[in-house]
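Structure assessment
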Amino acid sequence: MGGERQHYYGKHGTPQKYDPTFKGPIYNRGCTDVICCVFLLLAIVGYVAVGIIAWTHGDPRKVIYPTDSRGQFCGQKGTKNANKPYLFYFNIVKCASPLVLLEFQCPTPQICVEKCPNRYLTYLSARSSPDFEYYKQFCVPGFQNNKAAAEVLRDGDCPPVLIPSTPLAQRCFPAIHAHKGVLMVGNATTYDDGDGVRKNITELVEGAKKANGVLEARQLAMRIFEDYTVSWYWIVIGLVIAMLMSLLFIVLLRFLAGIMVWVMIVMVILVLGYGIFHCYMEYARLRGEAGSDISLVDLGFQTDLRVYLHLRQTWMAFMIILSILEVIIILLLIFLRKRILIAIALIKEASRAVGYVMCSLLYPLVTFFLLCLCIAYWASTAVFLSTSNEAVYKIFGDANTCPLNGKTCNPETFPSANESRLCPGAHCQFAFYGGESAYHQALLGLQIFNAFMFFWLANFVLALGQVTLAGAFASYYWALHKPDDLPAFPLFSSFSRALRYHTGSLAFGALILAIVQIIRVMLEYLDQRLKAADNKFAKFLMTCLKCCFWCLEKFIRFLNRNAYIMIAIYGTNFCTSAKNAFFLLMRNIIRVAVLDKVTDFLFLLGKLLIVGSVGILAFFFFTHRIRIIQDTAPPLNYYWVPILTVIIGSYLIAHGFFSVYGMCVDTLFLCFCEDLERNDGSQERPYFMSPELRDILLKGSAEEGKQEEVEE
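This is a predicted model, so every value here is computed, not measured.

Using the criterion set out here, one finds 3 disulfides in the structure. Here Cys116 connects covalently by a disulfide to Cys172, the sulfurs 2.0 Å from one another. What sets the handedness of the Cys116 and Cys172 disulfide is the S-S torsion sign, and at about -85 degrees it is left-handed. Linking Cys116 in the loop between strand E2 (110-113) and strand E3 (121-122) with Cys172 in strand E6 (residues 171-174), this pair joins segments that are 56 residues apart in sequence. Of the two residues, Cys116 and Cys172, neither departs from the other in class, the shared state being buried. Two residues share a disulfide in this structure: Cys139 and Cys158, whose sulfurs sit 2.0 Å from each other. Handedness here is read from the sign of the S-S torsion; for Cys139 and Cys158, about 110 degrees, the answer is right-handed. With a gap of 19 residues between them, Cys139 in the loop between helix H6 (132-136) and helix H7 (149-155) and Cys158 in the loop between H7 and strand E4 (161-162) connect regions that are remote in the sequence. Cys158 gets classed as buried once you look at its relative accessible area, which sits at 2%. This cysteine, Cys671, is not joined by any disulfide, and Cys673 carries the nearest cysteine sulfur, 9.3 Å off. A relative accessible area of 0% means that Cys671 is categorised as buried.

Below, the discussion takes up a nonpolar patch on the surface. A grouping of Leu247, Leu248, Val251, Leu252, Phe255, Leu256, Ile259, Val263, Val266, Met267 and Leu270 is seen on the molecular surface, where their side chains present a nonpolar patch of about 950 Å² in accessible area. Taken together, the elements giving at least two residues each to the nonpolar patch come down to helix H9 (216-255) and helix H10 (257-285).

What follows is about helix H12 (residues 312-335). Helix length check: H12, at 24 residues, gives a terminal C-alpha distance of 35 Å against a target of 34 Å (1.5 Å per residue), a fit within 8%. Along H12, the residues that are buried comprise Arg312, Thr314, Trp315, Met319, Glu326, Ile329 and Leu333.

As a further point, take the nonpolar core. When a protein is soluble and globular, its nonpolar side chains tend to lie buried together. Within the largest apolar cluster, 117 residues are counted, with the highest numbers of intra-cluster contacts made by Phe249, Val261, Trp456, Phe473, Tyr477, Leu602 and Leu605. In this structure Phe249 touches Met260, Met264, Leu609, Ile610 and Phe658, once residues within four positions along its chain are discounted. Val113, Cys116, Leu121 and Val152 belong to the second-largest nonpolar core, a separate cluster that totals 19 residues.

Reading the values: the criteria
- Residues numbered from 1 in each chain as written.
- Predicted model: local features only at pLDDT ≥ 70, side-chain atom pairs only at ≥ 80, totals over all residues.
- Heavy atoms only, no water.
- Disulfide = S-S within 2.5 Å.
- Helix = DSSP H or I, 4+ residues; strand = E, 2+ residues; numbered from the N terminus.
- Buried < 20%, exposed > 50% of the residue type's maximum accessible area, 1.4 Å probe, protein only.
- Patch = residues over 30% accessible without salt bridge, like charges linked within 9 Å, V, L, I, M, F, W, Y side chains within 5 Å.
- Areas by Shrake-Rupley, 256 points an atom, 1.4 Å probe, with all protein chains shown as cover.
- Salt bridge = Lys/Arg side-chain N within 4 Å of Asp/Glu carboxyl O.
- Expected span 1.5 Å × (residues − 1).
- Core = buried A, V, L, I, M, F, W, Y, C linked by side-chain atoms within 4.5 Å.
- Contact = heavy atoms within 4.5 Å.

See the structure below:
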């Protein structure tokens, strides 16, 4: 057996030996991975240069504000259309064409107008009536009524018909109502003005309905935005409640770790139990109500999610999901009851460490601020890059009769050019923003570089936080007489060591993770492009690649996290730290599998408790079920919008607080494994762990050793 153990240690590295001079994180250390540090600085300089170039050429107004057929903004000060804030489409039917998805522009003339049309009018009927002055404001700028009606409609100088429209996102969309007036058949429009001339615009109305279907997602987004505008105040209050609950939980965990863990477990079970009971009561209440037995498949997707809450099948599905989750948690608690006791001891020790380094609870705010800077710079650079193109004009006409359809053109010379004679009835209008210069051809590469630098810098910020916290908590563990031997300002000292000596190592670890993440993004992009192709082998290969790189990213995150702990303690470079951390974990693989993950499970229950409590409170508030403040909740289009926002925000807040505890537990666990290899508990080589932690962890280790001997 001794030979097997020696072979095991030889296979997974050499255990640490006793060193009387080792007293925790090494202070006399040198810079590591300097080359990666230089590469990071050069990349940041290049990133700043890309941002300056993008900000010089870009114009975010191209994304926010609509543009007419000549690429001019609607409703912008200092432009020709300053007093015309709305975009009007001559033929909204063509906005439902697949060409819109390719060119991001409707293949119909578009002009900026002061107001959207509010009446039904045809060109023929308005031409010989006092309404023509009203009609002319929807014709192309500079229109002169010196052509025959057929020529005007052929050249696209005026729309063939006006129908009442409503503005949405500064664009005029038809307000569909029954009307006996105008019908459009293909490209030919006829009218019935009471003189027996046939007029038929049913197809126009149906086409407008189809166009509205294409724009339904935009309307949904506008309704969601309206919900945010009236409920943001209450959303902020809900997030503040989540923050206070998280802070209170962490403070109580400091003094009542054992009790709080068991309270947390019982509360999670009770919350899930109440959820099951509530789902059953709703399921029973809907019995016999008209329409409640419709299946989810028959109903299909509905933008108003409240419809699903009137179906019994919805509440049955919720009840089954919560019941399965409840059973899984109870079974895990039964089989891991002994490990939970050990994990509670580790959490108690982590609570003491956090108590002596209380400022560590505020460090997630620093990480959050730095991540916000990264996100803001990436988003602004991406917007400026995407809007730094020039206006490109193309010929829009009948694809069957116009051989030049889709070709670039010059709107100034098009009426007299040869293209207009080859394509009668076609128009040279603004298509999209692009360009053929070297800069414009490099835009895709610059966007990829922008995304890559965002991943690199974001991972660097997260790595800096992990090393900082690991160094502070390692200083606590390796203090023989706690807290007397604890250095002053351990968090600030760890932060300064990380930036001064290990910027290169952090950049190295972040670079590896960023490369994997950018590959995953490119795979997602290729997967979206291949969805239209019916190639099963390509889809299978893409799925396998996505799965492999997802697993690789998870493994690299785990390895980096432990490597950063070793960097914080020993000051070695990234590769050495990753190797030592990996071998140390492999030499203690059983403890890693059953102890470290149990604490992660307990922390997950804590997050679920906070999120579930705040989520239930938000549900009762926004659905007007709290009678005391029933009139306080704002009226909403979709009450699930603020509820989901509060739930997701609460989870992120709880995760931020619990991440400090998670890093503390991981650091103490790795230090504990090192402590067992370096020392034996004698007076000459005493353990650095606290007596309480030593008693329960060594007892668990002894039980594991006996179990291994029995199995052998």
